Amino acid sequence: MPLARSLSVTSLSGLEDWEDELDLDNAILFEVAWEVANKVGGIFTVIQTKAKITLDEWGENYFLIGPYLELNVRTQVELIEPPNPAIRRTIDSMNTKGCKVYFGRWLIEGGPYVILIDIGATAWSLDRWKTELWESCSIGIPWYDREANDAVLFGFLTAWFLGEFSAQCEEKPFIIGHFHEWLAGVGLFLCRIRKLPIATIFTTHATLLGRYLCAGSVDFYNNLQNFNVDKEAGDRQIYHRYCMERAAVHCTHVFTTVSQITAVEAEHLLKRKPDIVTPNGLNVKKFSAMHEFQNLHAQSKARIQEFVRGHFYGHLDFNLDKTIFFFIAGRYEYSNKGADIFLEALARLNYLLRVNGSQITVVAFFIMPARTNNFNVETLKGQAVRKQLWDTANAVKEKFGKKLYESLLVGNLPDMNKMLDKEDFTMMKRAIFATQRHSFPPICTHNMLDDSTDPILNTIRRIGLFNSSADRVKVIFHPEFLSSTSPLLPVDYEEFVRGCHLGVFPSYYEPWGYTPAECTVMGIPSISTNLSGFGCFMEEHIADPSAYGIYILDRRFRALDESCTQLTSFLYSFCQQSRRQRIIQRNRTERLSDLLDWKYLGRYYMYARHMALATAFPDNFTYEPHETTAAQGFRYPRPASVPPSPSISRHSSPHHSETEEDDERYDEEEEAEKDRQNIKPPAMMGPVPEWRKRSKKGSSEASTSSNASTPTLPSSPSDLSSPTSSLIEEKN
Amino acid sequence: MPVTDQAFVTLATNDVYCHGALVLGQSLRNYRTSRRLAILITPQVSRAMRAALRTIFDSVVDVKEIDSNDLMHLTLLKRLELGVTFTKLHCWTLTQYSKCVFMDADTLVLCNVDELFEREEFSAAPDPGWPDCFNSGVFVFQPSLKTFKHLLQFANEHGSFDGGDQGLLNSFFSSWATKDINKHLPFIYNLSSSTVYTYAPAFQHFGKDTKVIHFLGPAKPWNYKYNPQTRTVTQNDSTPVSENQLPFLELWWIIYRSSILPLLEKLQEPPIQQEEPNMNNDEQTSERENPLINNSLPASTNAECISESVVNPPCELSAKNNIAVKKAECSLEEDIVEPSKSFTEFSVQPVPQQTLVTNEFTSSVAEVAVQPEPKESSADERRKWEEGHIDYLGKDAFENIKKKLDAFLL
């Protein structure tokens, strides 16, 4: 999904400077994944969104390899004749030996070439291949694990393809095989076992064992170094899968993960430290209008407000203009996704807001699909009642308008007492009576199948957040994906996110975390954790993340209760922001989009490829490793003007800021410009990989030129002298 | 008074199903059946398991599908997909008995069910999925070589509409649904556990009278985790087990732990709990080590005491002998066309129980056929992996795999 963003920030300086110096004419890149043209989970998004920039770099020499699945091919792929003769010969050769290999264009942005292999067609070789696997590395595959057997078929077929291809090429090119996740891993270590001349890269997006261990509510991160990994995998009956994953990790030239936190996990569970971290990006589409995302926020918020009006009919004793929408969304993994800690923090927030007599109301949405039995009658009725009031008001308005018009036509000022007759009042009274309600507004919008055992509902029952009028925090649990055709809340996910004020994702296990990244690109602040890949990434790149609307919860080094207290304070301080402060914060959040754009993040994949070539073909390529893997590239300092978050504001009274609001100096353009300058041009931040003699020269030139054009600015919060002084000025 | 010419018959095509068969046999013994117990097994069953079976069953009958008779052989070649089905049909050859009751290895009796022998051939209970068909998990039959031959001929001509024995038998005994109500066994003689909640009130009302429970579906009792302290059964992926099914699963496990586990330990066949590992491994071992630290966190595992408790079975040779005989006889040699059919089928179809069993059966045939020079121990170890019995704390540790890989990476 390309996410739109505004032009409020022009392309960051430094981005364009970086150019790939590698001579790619004689190199070919194959990217192998089970999720190529096959939507299973998050890896699909990674590969699909990344295709465009990879294609820009590699052009005709970029091929994706995935499984052939009839349904997917019919909807996503245009089958064509391979333009590359070596590829054509390879495919023909395999097809004459009983394989079914297809070639086409994947109909996504850029239209990359895909090679799709039908594993069912060669299933008859399974046993022969399993024997080979057993004889070469003593890994056996249980017959009942279909996914693992598929992985073997897919692995042998990709290795066959790559071997055949390298034999078919007359002029031996440098081949890179980039494999994603364990399902593709068999192909990788087979390439190595068969000693194919291929530079290999293996990327894990999460570890098999990590996912299992976290799902089993183990104190994961504190025991990371203590696990007996063989035993844990064996006990969970995933030993054969784990062996395939570890074999791939062990054999690959370059090993990468998607985040620092997964790097730590991989180091302990897969016993190899990743050579480089390759974070996931998004395709950021730019709007032509400035601050378009703010307008979209207002529009979408209005639709959510309409829903809330209906949902809370009869209990609308709070001011919708002072209502803040929080949301959590994702797979229904109660504790992995942090719904537990979020609910607890909401209960505490409710107490804080009540005790402090706050005017703010919070509506927290839980968008997590669970098993349901369609919509709840009470919620549907709410929307119907709202609709009815709207119709009644409109009918009265029509009559009123007509009378007014007639009276003006004859030249009289209208007699206000005659404007509404008895009938109108009766109609309106009847409509008001219909809004009476003796029960609280429902928590859950659907009828849950496992109502009595549902963890979210049970926690809500325990902490007593029943949407009563005294509660300042209201909860709505929407256990289904959002859809623009829903009779309840007719918005799609993107619109919904845009209409909310804050996304809350306090996950315990989240290798990357696309949800907060999407929020950021849409200019919506979010809470993530230092156990999520996204949180780690942002922490590295921004000096004061919360000023930019990126709140990072510490769940790694703190006890659960402390984390919960911290989350509560984040939520509370967010509630105390004035409208203007929120707008400023959204502007800042949105400026971070460039950080998450593949245009920027794609370079880590480039590094990985260069490193792989240098490792596999040391005679032809050299690579100087980057000294700092952390904090490469952008480093956003504290924003220049007043931080929007009252938690770091100097005012003691929360109301104080309201009155002084207008005194705050905030210049969007000025601040954005500062941000742009503060970004370290990538050429400066680390040695550029060396590519033969020629390349090296080119890159050093690039780095000196950018040095000259960009003033060196401080990157750590401690030496931010200029922003601090502006703050002091302001206070006076 | 023991009746020697009537028997309960079951079937196990591999070691995993043997665990089920042992529990079934023990449950029949517990309720003091006066009939004989017989089991049909295929060559895949290991020697240690055979020994265990012999202690509970009066008769352990080895079914060698290929040398049984010509007709069988021909039919099998023609309709390879019905491999396991034919194994089941072998029960009609047990002519030393005048009447038998067949019970699947995934059933469990909850009381004495000897009254089933008052029924005639062919009596069975309706299938919950299609009540006009009977479920072939429990049925009364009369062994007869003539019937056996007719069944084979029928299979040869018509095949099976569901690819398994149930389809075949339903076509063969097609008058069951309409002709004689006495041949309808009450549902409580073959209550499939998975249907328990589709008609909850009926289960509430009649469930207490259940006599035979049938663990239909992909999740068998031995696929669950069992915590011996709390005596609770949980599923592997931590999804809760259906409440109605729970007592039956617990019962299965109680019998397994109290009777079968000691037996297997005596005979050194690795029992499920240690092979199909789970959280209670820790608890189980700590129980042995020190009963006071039962509630230790799962993270505080003690690798050493666990490796002690896992018994490595010696490589058995008996299964190998069978394979060697088979290899000579079927002379499939390098011909991989035969297994190919069933594998294509395996990868296309979803995973109903029957196909899995079929696949597993053929895979072991294929193993013999394809392997050029099967090293006795290596093939055996591979078989263990493929059955999910991996010695991951011992010789199969990743360190050893790594050494093999490193040999290639030089």
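That block above? That's the structure.
Residues numbered from 1 in each chain as written. Chains lettered and ligands numbered in written order. Predicted model: local features only at pLDDT ≥ 70, side-chain atom pairs only at ≥ 80, totals over all residues. Heavy atoms only, no water.

## Comments concerning the overall build of chain B
Here's step 1: Helix and strand counts for chain B stand at 16 helices and 11 strands.
Here's step 2: Counting the 410 residues in chain B, one finds 54% classified as buried.
Here's step 3: Sequence-distant contacts, at least 24 apart, represent 69% of the contacts inside chain B between residues at least 6 apart.
Here's step 4: About 18000 Å² of surface is accessible on chain B, with carbon and sulfur atoms providing 55% of the total. (Helix = DSSP H or I, 4+ residues; strand = E, 2+ residues; numbered from the N terminus. Buried < 20%, exposed > 50% of the residue type's maximum accessible area, 1.4 Å probe, protein only. Contact = heavy atoms within 4.5 Å. Areas by Shrake-Rupley, 256 points an atom, 1.4 Å probe, with all protein chains shown as cover.)

## Notes on the overall build of chain A
Here's step 1: When you go through chain A residue by residue, the secondary structure sums to 28 helices and 19 strands.
Here's step 2: Looking at chain A as a whole, 60% of its 732 residues are labelled buried.
Here's step 3: In chain A, the proportion of contacts linking residues at least 24 apart, taken out of those at least 6 apart, comes to 76%.
Here's step 4: As presented, chain A carries roughly 28500 Å² of accessible surface, and 53% of it is formed by carbon and sulfur atoms.

## Structural notes on the packing of aromatic side chains
Here's step 1: One pass over the full model with this rule turns up 60 aromatic pairs over all chains.
Here's step 2: Ring centres of phenylalanine 30 of chain A and phenylalanine 165 of chain A lie 5.2 Å apart, and the angle between their planes is 80°; on these two criteria the pair is classed as edge-to-face. Taken as a pair, phenylalanine 30 of chain A in strand E2 (residues 27–32) and phenylalanine 165 of chain A in helix H5 (residues 146–168) lie far apart in primary sequence, 135 residues in all. This pair shows no difference in class: phenylalanine 30 of chain A is buried, exactly as phenylalanine 165 of chain A is.
Here's step 3: Through a chain of ring-to-ring contacts, the aromatic side chains of Trp92, Phe102, Phe122, Phe134, Phe139, Phe141, Phe154, Phe172, Phe173 and Trp176 of chain B assemble into a single cluster. (Phe/Tyr/Trp six-rings, centres within 6.5 Å; stacked < 30°, edge-to-face > 60°.)

## Brief notes about a nonpolar patch on the surface
Here's step 1: Together, Tyr405, Leu409 and Val410 of chain A make up an exposed nonpolar region whose accessible area comes to about 360 Å².
Here's step 2: Look at tyrosine 405 of chain A and you get exposed, because its relative accessible area is 53%. (Patch = residues over 30% accessible without salt bridge, like charges linked within 9 Å, V, L, I, M, F, W, Y side chains within 5 Å. Salt bridge = Lys/Arg side-chain N within 4 Å of Asp/Glu carboxyl O.)

## As for the environment of histidine 205 of chain A
All names here are of chain A.
Here's step 1: Along the polypeptide, histidine 205 turns up in the loop between strand E8 (198–204) and helix H7 (208–215).
Here's step 2: Look at histidine 205 and you get buried, because its relative accessible area is 9%.
Here's step 3: Separated by 25 residues in sequence, histidine 205 and histidine 180 place their C-alpha atoms 7.7 Å apart.
Here's step 4: Not counting residues within four places of it along the chain, the set of residues in contact with histidine 205 comprises Ile43, Val46, His180, Glu181, Val258, Thr262, Asn280 and Pro511.

## Concerning helix H5 (residues 145–158) of chain B
Residues and elements named next belong to chain B.
Here's step 1: With 14 residues, H5 ought to run about 20 Å at 1.5 Å a step, and its terminal C-alpha atoms sit 20 Å apart, in line with that.
Here's step 2: Inspection of H5 places Thr147, Phe148, Leu151, Leu152, Phe154 and Ala155 among the buried residues, and these make up the whole buried set. The arc enclosing the buried residues of H5, seen along the axis, measures out at 165°, which places them on a common side. Facing away from the buried surface of H5 by more than 90 degrees, the exposed residues are Leu145, Lys146 and Glu157. (Expected span 1.5 Å × (residues − 1). Arc of directions from axis to C-beta.)

## With respect to the sheet that holds strand E6 (residues 123–127) of chain B
All names here are of chain B.
Here's step 1: In spatial order, the strands read E3-E2-E1-E4-E7-E6; together these six strands make up an open sheet with mixed pairing. Two strands close off the open sheet at either side, each with one partner strand: strand E3 (59–62) and E6. Shown here is a sheet whose adjacent strand axes are inclined to one another by a mean of 35°, direction ignored.
Here's step 2: Bridging between E6 and strand E7 (residues 130–141) involves four bridges; their strand directions are antiparallel. Across the sheet, residue serine 123 finds its bridge partner in E7, namely valine 140.
Here's step 3: Sheet strands in contact with helix H6 (residues 165–172) are E6 and E7, and its direction is about 95° off that of E7. (Pairing = 2+ DSSP bridges. Axes fitted to C-alpha atoms, helices over the stretch in contact; angles between N-to-C directions.)

## Observations regarding the pairing of strand E7 (residues 174–180) of chain A
All names here are of chain A.
Here's step 1: The element E7 is largely enclosed, with a buried count of seven among its seven residues.
Here's step 2: Burial along E7 is two-sided: the residues Phe174, Ile176, His178 and His180 and Ile175, Gly177 and Phe179 are all buried.
Here's step 3: Here E2 runs beside E7; their pairing, made up of six bridges, is parallel. When the bridges of E7 are listed, leucine 29 appears paired with isoleucine 176.
Here's step 4: In this sheet, E8 lies alongside E7 in parallel orientation, the contact comprising six bridges. Bridge pairing in E8 links histidine 178 to isoleucine 201.
Here's step 5: Of the crossover connections in this fold, the one passing from E7 over helix H6 (residues 181–193) to the parallel E8 is right-handed. (Right-handed = clockwise from strand over helix to strand, strands pointing away.)

## As for H5 of chain A
Here's step 1: End to end, H5 of chain A covers 32 Å across 23 residues, agreeing with the expected 33 Å (1.5 Å per residue, within 8%).
Here's step 2: Where H5 of chain A begins, the side chain of aspartate 145 of chain A points an oxygen toward the backbone nitrogen of glutamate 147 of chain A, at a separation of 3.3 Å. (Polar contact = N/O pair within 3.5 Å; in protein donor to acceptor, adjacent residues only side chain to side chain.)

## Quick word on the packing of helix H12 (residues 339–355) of chain A against helix H16 (residues 455–463) of chain A
All names here are of chain A.
Here's step 1: Between H12 and H16, the least distance of the axes is 10 Å, while the angle of their chain directions is 25°. Here H12 is positioned roughly parallel relative to H16, judged by the angle of their axes. Judged by the sense of rotation from one axis to the other, the crossing of H12 with H16 is right-handed. Here Ala339, Leu343, Glu344 and Ala347 of H12 come into contact with H16, specifically with Ile456, Thr459, Ile460, Arg462 and Ile463.
Here's step 2: Of the residues in the contact of H12 with H16, the class split is six nonpolar, one polar and two charged. (Parallel < 35°, antiparallel > 145°, perpendicular 65-115°, else oblique. Left-handed = near helix turned anticlockwise from the far one by under 90°. Nonpolar A, V, L, I, M, F, W, Y, C, P; charged D, E, K, R; others polar.)

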